[in-house]
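# Descriptive analysis of the structure
The lines below spell out each chain.
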Amino acid sequence: MSISDSLAEAMHLPAESDTVRRIHDSGLAIANVDTMSQAIHDVYCGIMADHQEPNEKDRAQAAEMIERLRKYVGEPAQA
């Protein structure tokens, strides 16, 4: 199940709801460490990377990025 699907389910939205699409259209992204690490890998490692999938450095950067995002949007930090 995708993160967007999980969000819609958690919000008890019907399958045809366009709430998640509107969230994306407004410029927001829904991410977790897995999706953020893949994005970091794609952007910063790129096609010249010596590894095909996100590595531990990518995952650590993703976790830190998510913590910083939470700080600026007022969400509680994860333990």
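Before reading on, note that the structure itself is shown above.
These figures come from a predicted structure and were not determined experimentally. (Residues numbered from 1 in each chain as written. Predicted model: local features only at pLDDT ≥ 70, side-chain atom pairs only at ≥ 80, totals over all residues. Heavy atoms only, no water.)

Right, let's talk about the overall build of the protein for a bit. Regarding its fold elements, the protein presents four helices and zero strands. N-terminal to C-terminal, the α/β element order of the protein is α-α-α-α. The C-alpha radius of gyration of the protein comes to 15 Å, more than 25% above the 12 Å expected for a compact globule of 79 residues. Put simply, the protein has 79 residues, and 16% of those count as buried. (Helix = DSSP H or I, 4+ residues; strand = E, 2+ residues; numbered from the N terminus. Rg over C-alpha atoms; globule rule 2.2 N^0.38 Å. Buried < 20%, exposed > 50% of the residue type's maximum accessible area, 1.4 Å probe, protein only.)

Here the focus is unusual backbone geometry. For histidine 12, which is not a glycine, the phi torsion comes out positive at approximately 55 degrees. Positionally, histidine 12 belongs in the loop between helix H1 (3-10) and helix H2 (19-25).

In this section: the pattern of salt bridges. In total, this model carries six salt bridges according to the counting rule given. The shortest N-O distance in the salt bridge between aspartate 18 and arginine 21 comes to 2.7 Å. Classification of arginine 21 as partly exposed rests on a relative accessible area of 43%. Between arginine 59 and aspartate 34 there is a salt bridge whose closest N-O contact spans 2.5 Å. With arginine 59 in helix H4 (residues 56-73) and aspartate 34 in helix H3 (residues 33-45), the pair connects residues that are 25 residues apart, well separated along the chain. Overall, arginine 59 belongs to the partly exposed group, its relative accessible area being 30%. (Salt bridge = Lys/Arg side-chain N within 4 Å of Asp/Glu carboxyl O.)

So, on to the environment of serine 4. Inspection of the secondary structure assignment puts serine 4 in helix H1. Exposure remark for serine 4: the relative accessible area of 22% places this residue in the partly exposed category. It is 9.9 Å that separates the C-alpha atoms of serine 4 and isoleucine 23, two residues lying 19 residues apart in sequence. Non-local contacts of serine 4, meaning those with residues more than four positions away in its chain, are made with Val20, His24 and Ile30. (Contact = heavy atoms within 4.5 Å.)

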